[in-house]
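Given next are the chains, with one letter for each unit.
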Amino acid sequence: HTGLEVWESLLSLPFPDSSMTPGKKLEGLVAATITPMTPDGQVNLSVIRQYVDYLVSEQNVKNIFVNGTTGEGLSLSIQERKQLAEEWVRQGKDKLDHVIVHVGALSLPESQDLARHAAAIGASGIAVIAPFFFKPTNKDELVAFLQKVASEASGVPFYYYHIPPLTGVKIRVEELLDGIREQIPTFQGVKFSDTDLLDLAQCINKNESEQFAFLYGVDEQLLGALAVGANGAVGSTYNYLGRKTNLMLQAFAKPDHALAQKYQFLIGEFLNFVIKLGFGVAQTKAVMTFVSGIPMGPPRPPLVNASEEFIAKAKAKLDSIAWPDGD
Ligand SMILES: CC(=O)N[C@H](C=O)[C@@H](O)[C@H](O)[C@H](O)CO
Ligand SMILES: CC(=O)C(=O)O
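None of the values given here were measured: they were computed from a predicted structure. (Residues numbered from 1 in each chain as written. Chains lettered and ligands numbered in written order. Predicted model: local features only at pLDDT ≥ 70, side-chain atom pairs only at ≥ 80, totals over all residues. Heavy atoms only, no water.)

Details of the site of ligand 1
Argument step 1. Around ligand 1 sit Thr-69, Ile-163, Lys-191, Ser-193, Gly-217, Val-218, Asp-219, Glu-220, Gly-235, Ser-236 and Phe-279, and those are all the residues in its vicinity.
Argument step 2. Contact distances for ligand 1 include 3.0 Å between an oxygen atom and a side-chain N or O atom of Lys-191.
Argument step 3. In the model, an oxygen atom of ligand 1 is placed 2.5 Å from a nitrogen or oxygen of the Glu-220 side chain.
Argument step 4. Coverage of ligand 1 by the protein amounts to 79% of the 390 Å² it exposes when considered alone.
Argument step 5. Of the residues assigned to the shell around ligand 1, the class counts are 3 nonpolar, 5 polar and 3 charged. (Near = heavy atom within 4 Å. Polar contact = N/O pair within 3.5 Å; in protein donor to acceptor, adjacent residues only side chain to side chain. Areas by Shrake-Rupley, 256 points an atom, 1.4 Å probe, with all protein chains shown as cover. Nonpolar A, V, L, I, M, F, W, Y, C, P; charged D, E, K, R; others polar.)

Quick notes on the site of ligand 2
Argument step 1. Taken together, the residues surrounding ligand 2 are Ala-32, Phe-65, Gly-68, Thr-69, Thr-70, Tyr-161, Lys-191, Val-234, Gly-235 and Ser-236.
Argument step 2. In the model, an oxygen atom of ligand 2 is placed 2.6 Å from a nitrogen or oxygen of the Tyr-161 side chain.
Argument step 3. At 2.6 Å, a side-chain N or O of Lys-191 approaches an oxygen atom of ligand 2.
Argument step 4. For ligand 2, whose accessible area on its own is 210 Å², the fraction buried by protein is 92%.
Argument step 5. Along the lines of polarity and charge, the residues of the shell around ligand 2 split into 4 nonpolar, 5 polar and 1 charged.

What about the nonpolar core?
Argument step 1. Within the largest apolar cluster, 87 residues are counted, with the highest numbers of intra-cluster contacts made by Trp-88, Val-103, Tyr-160, Phe-187, Leu-222 and Phe-270.
Argument step 2. Sort the elements by how many residues they give to this core and helix 12 (residues 257–277) lands first, with 7 residues.
Argument step 3. Filtering out sequence-adjacent residues up to four positions away, Tyr-160 remains in contact with Val-128, Ala-130, Leu-142, Leu-146, Val-173, Leu-176, Phe-187, Gly-189, Val-190 and Lys-191.
Argument step 4. Counting residues in each nonpolar core, the second largest holds 13 residues, with Leu-26, Phe-65, Tyr-161 and Ile-163 among its members. (Core = buried A, V, L, I, M, F, W, Y, C linked by side-chain atoms within 4.5 Å. Buried < 20%, exposed > 50% of the residue type's maximum accessible area, 1.4 Å probe, protein only. Helix = DSSP H or I, 4+ residues; strand = E, 2+ residues; numbered from the N terminus. Contact = heavy atoms within 4.5 Å.)

Observations concerning the environment of Val-274
Argument step 1. Structurally, Val-274 can be placed in helix 12.
Argument step 2. Looking at Val-274, the relative accessible area reads 0%, which means it is buried.
Argument step 3. For the pair Val-274 and Ala-314, spaced 40 residues apart in sequence, the C-alpha separation works out to 6.4 Å.
Argument step 4. Residues contacting Val-274, with those up to four places away along its chain left out, are Phe-279, Phe-310 and Ala-314.

Description of the pairing of strand 8 (residues 232–235)
Argument step 1. Residues of strand 8 alternate between two faces, with Gly-232 and Val-234 on one and Ala-233 and Gly-235 on the opposite face, all of them buried.
Argument step 2. Sheet topology places strand 1 (residues 28–32) next to strand 8; 4 bridges connect them, and they run parallel. Residue Leu-29 lies in a different strand from strand 8, and its bridge partner there is Ala-233.
Argument step 3. Pairing of strand 7 (residues 213–216) with strand 8, which is carried by 2 bridges, proceeds in the parallel orientation. In the strand pairing of strand 8, Tyr-216 is matched with Ala-233.
Argument step 4. A crossover connection joins strand 7 to the parallel strand 8 through helix 10 (residues 222–227); in handedness this β-α-β unit is right-handed. (Pairing = 2+ DSSP bridges. Right-handed = clockwise from strand over helix to strand, strands pointing away.)

Describing the UniProt feature "binding site: pyruvate" (unreviewed entry) in the protein
Argument step 1. When the UniProt feature table is mapped to this numbering, "binding site: pyruvate" (unreviewed entry) covers Thr-70 and Val-234. Annotated residues spanning 165 residues; largest pairwise C-alpha distance 10.6 Å, indicating a single compact cluster.
Argument step 2. Mapping Thr-70 onto the fold places it in the loop between strand 2 (63–66) and helix 3 (78–92).
Argument step 3. Leaving out residues up to four positions away in the same chain, Thr-70 has contacts with Ala-32, Thr-33, Ile-34, Thr-35, Ser-236, Val-281 and Thr-284.
Argument step 4. When you line up the elements, Val-234 lands in strand 8. (UniProt positions renumbered as here; feature names shortened; annotations may be inferred.)

Details of the sheet that holds strand 1
Argument step 1. Strand order around the closed barrel formed by 8 strands is 1-2-3-4-5-6-7-8, with parallel pairing between neighbours. When the angles between neighbouring strand axes are averaged without regard to direction, this sheet yields 25°.
Argument step 2. Its contacts with the sheet place helix 3 against strand 2 and strand 3 (98–102), and it is angled at close to 175° to strand 3. (Axes fitted to C-alpha atoms, helices over the stretch in contact; angles between N-to-C directions.)

Concerning the UniProt feature "active site" (unreviewed entry) in the protein
Argument step 1. Here, the residues flagged by UniProt with the feature "active site" (unreviewed entry) are Tyr-161 and Lys-191. Spanning 31 residues, the named residues nonetheless gather at one spot, since no C-alpha pair among them exceeds 4.8 Å.
Argument step 2. Relative to the assigned elements, Tyr-161 resides in strand 5 (residues 158–162).
Argument step 3. Those residues in contact with Tyr-161, other than ones at most four positions away along the chain, are Phe-65, Thr-69, His-102, Val-128, Ile-129, Ala-130, Lys-191 and Ser-193.
Argument step 4. In terms of polar contacts, Tyr-161 uses its side chain to reach the side chain of Thr-69, at 2.4 Å.
Argument step 5. Within the secondary structure, Lys-191 is located in strand 6 (residues 187–192).
Argument step 6. With relative accessibility at 6%, the residue Lys-191 sits in the buried group.
Argument step 7. In this structure, Lys-191 is in contact with Phe-65, Tyr-160, Tyr-161, His-162, Leu-215, Gly-217 and Val-234, ignoring residues within four places of it in sequence.

Here it is as structure tokens:
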């Protein structure tokens, strides 16, 4: 240990090497970043700088969640994930508050490697999804896996990424929280991507000292999660509806519930429409491309490009929405 490291540990600064805002609690909106790709399917790092500027200046979003579901993290090589994490951290420096890097993988050593890498580059947090091929069958097995990853990045806040519709791991978070800080001292919160608001509410109910952050991940019903005390949200739609969703958060905080509902209804009207057409990461890439003008490129197989018909309909629907702020 260098003298500096000793001082930092004595002061227990949460983010010793971070280029992001040190110690600021994660709240508000977090955009789950898309991984831009070239037309032939290679990761396209060259537009990330522009992407960061777009999120900050056009969407008023200053936190990102990299290499998650929307970022096709589980479809990328370890090398690609590291390059992306580095580029997001580099471009986010002095512009973003938090860069959370998703480091979950089916292979524990790969996940640990990614966690060490995220720590080394100064990520402001790491997140881990439940392993979903061989699955943990109970809370203790899941926590043991998470602990082995978290301990590789001992100075970095750790978030569990709960997304049972995709992982098939339905262990309730409220149960998982019991004693988790003893197992994982860096445990800082949950990205909660499930519709079970009873489970979310009981997590918040248990979290009396408000030490953990609960970020909701079902964008179409964020207002319900805010009502039970969610600290913020992580989602794909904050890439292009961040500004509108921020207005919903403001209305909720004021409180002007009628206005907050209006925003949630309109966001829901768009999402309900595209979900009926078939909505996933490929479609998110297409929507972000036409809204931001930044080319997101195709998704990686097995996902396939959104159709021209989808794009035309989604664009017409979004353009038709009369937002309360007059846009
Ligand atoms: C399954 C999935 O990708 N969920 C995302 C985050 O967790 C959400 O942001 C959704 O994309 C969004 O709620 C639209 O359905
Ligand atoms: C949507 C989300 O949070 C993710 O892409 O991981």
